[in-house]
Amino acid sequence: MTTPNFHNAVVTGACGGLGQALARELIGTGARVALVGLQRPALDALAARAPERCAVYQPDVSDAAAMQAMAADWMGRFGAPDIVIANAGVAGGFDTAQASDLAVMRRMLEINLLGVATTFQPFLEPMRRSGQRGALVGVASVAGWRGMPGNGAYCASKAGLIAYLQSLRAELRPTALTVHTISPGYLRTALTAGNRFAMPGLLEPDDAGRRLLAGVATGTEHIVLPRRIGWLSRALSLLPARVHDRILLGQPRKPRAGEPGSTDIPGLK
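A few points on the structure.

Notes on the packing of aromatic side chains
What the rule picks out here adds up to one aromatic pair. With a centroid separation of 4.5 Å and an interplanar angle of 45°, the aromatic rings of Trp74 and Phe78 are classed as tilted. Placement of both Trp74 and Phe78 in helix H3 (residues 64-78) is noted, with a separation of four residues, approximately one turn of the helix. By relative accessible area, Trp74 is classed as buried at 0%.

Now the structure itself:
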């Protein structure tokens, strides 16, 4: 596995799960790391590992002005990053028949899709002007490859993200910047803790973080974690749509907001 050599990193969603694992790995390799998230105690604990190389920020990733202020402060201290990882995301069940779930969908799109663009935007020109190699990393999901019953908002947000990253990658081909789409399957995180269905290939965040950084370091543009969940998803996609739907309909639904096992979505308290 390639050892990543990143010196200046920005990680959103650094409070737990994959984001926290990525931050720990980057700090451990000696990188300067901007820790972006909403849970101050978790971020402070990470920063304490290397206080001279870390800074803590708590903006809403969908707030462009707040993200621009965060980026300006970070780059004023340490310069343009060589890797920006837009990892912040939320998940939850969705039912179109429920009026209250429309707000859930809006917020999920704001964080999972718009939040990636607002994360990249303030860093893109400074990174491009630096002339150095740099990586923009968006954490999507295999859930973005095909819609799943009861998960329409999350699948839509990740499918949109995959298309956005494809567009950005094409735009930046002439530059030294690369764009990487990460499609995790099931990781053992707070977002999957309430799932009531089988999670094949369940991966620990630390393992996923190491694989992600190694893949980005080698220039891999689309990274599936773990790879076998990608093979399974592609195999299922070969089935007729009616058969595929019937298999998915037989699985328990992801909990909606307020149901047992659901995860809170910021802004919908």
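Some remarks on the pairing of strand E5 (residues 134-139)
Burial within E5 is extensive, with six of its six residues counted as buried. On E5, burial covers both faces: Gly134, Leu136 and Gly138 on one face and Ala135, Val137 and Val139 on the other are all buried. As defined by bridge partners, strand E4 (residues 83-86) adjoins E5 across four bridges and the pair is classed as parallel. Looking across to E5, one finds that Ile83 is bridged to Ala135. Each parallel crossover has a hand, and for E4 linked through helix H4 (residues 101-130) to E5 it is right-handed. For the handedness criterion, the β-α-β arrangement of E5, helix H5 (residues 152-171) and strand E6 (residues 177-184) is classed as right-handed.

Focus: the nonpolar core
Core analysis: the biggest nonpolar cluster contains 39 residues, and Val10, Trp74, Phe120, Phe123 and Leu136 have the highest contact counts within it. Within the residue set of this core, elements represented by two or more residues are strand E2 (32-36), strand E3 (54-57), H3, E4, H4, H5 and E6. With eight residues, H4 is the largest single contributor of residues to this core. The next biggest cluster of nonpolar side chains, apart from the first, holds 34 residues, and it includes Leu43, Leu46, Ala50 and Ala208.

Comments concerning the sheet that holds E3
Here we have seven strands laid out as an open sheet, ordered E3-E2-E1-E4-E5-E6-E7, and parallel in their pairing. Each end of this open sheet is capped by a strand with a single partner; those strands are E3 and strand E7 (222-225). Within this sheet the neighbouring strands show an average axis-to-axis angle of 15°, counted without direction. Relative to E7, E6 runs parallel, the two being bridged by four bridges. Residue pairing for E7: Ser183 is matched across the bridge by Val224. Its contacts with the sheet place H3 against strand E1 (8-12), E2 and E3, and it is angled at close to 165° to E3.

Some words on the environment of Leu136
Following the sequence through the fold, Leu136 ends up in strand E5. Of the residues examined, Leu136 reaches a relative accessible area of 0% and is grouped as buried. Separated by 53 residues in sequence, Leu136 and Ile83 have C-alpha atoms that sit 5.9 Å apart. Excluding residues within four positions of it along the chain, Leu136 makes contact with Val84, Phe120, Leu124, Met127, Leu168, Leu172, Thr178, Val179 and His180.

Overview of H3
Its 15 residues give H3 an end-to-end C-alpha distance of 21 Å, which sits within 8% of 21 Å, the value for a rise of 1.5 Å per residue. Where H3 is concerned, the buried positions are Met67, Met70, Ala71, Trp74 and Met75. End-on view of H3: buried residues confined to an arc of 120°, all on one side of the axis. Seen from the open side of H3, the exposed residues pointing more than 90 degrees away from its buried face are Ala65, Ala72 and Gly76. For H3, the secondary structure elements touched by its buried residues are E1, E2, E3 and H4. Where H3 begins, one side-chain oxygen reaches toward the backbone nitrogen of Ala65, 3.1 Å away; that side chain belongs to Asp63. Remark: Gly79 follows H3 within two positions and exhibits a positive phi of approximately 85°.

What counts, and at which threshold
- Residues numbered from 1 in each chain as written.
- Predicted model: local features only at pLDDT ≥ 70, side-chain atom pairs only at ≥ 80, totals over all residues.
- Heavy atoms only, no water.
- Phe/Tyr/Trp six-rings, centres within 6.5 Å; stacked < 30°, edge-to-face > 60°.
- Helix = DSSP H or I, 4+ residues; strand = E, 2+ residues; numbered from the N terminus.
- Buried < 20%, exposed > 50% of the residue type's maximum accessible area, 1.4 Å probe, protein only.
- Pairing = 2+ DSSP bridges.
- Right-handed = clockwise from strand over helix to strand, strands pointing away.
- Core = buried A, V, L, I, M, F, W, Y, C linked by side-chain atoms within 4.5 Å.
- Axes fitted to C-alpha atoms, helices over the stretch in contact; angles between N-to-C directions.
- Contact = heavy atoms within 4.5 Å.
- Expected span 1.5 Å × (residues − 1).
- Arc of directions from axis to C-beta.
- Polar contact = N/O pair within 3.5 Å; in protein donor to acceptor, adjacent residues only side chain to side chain.

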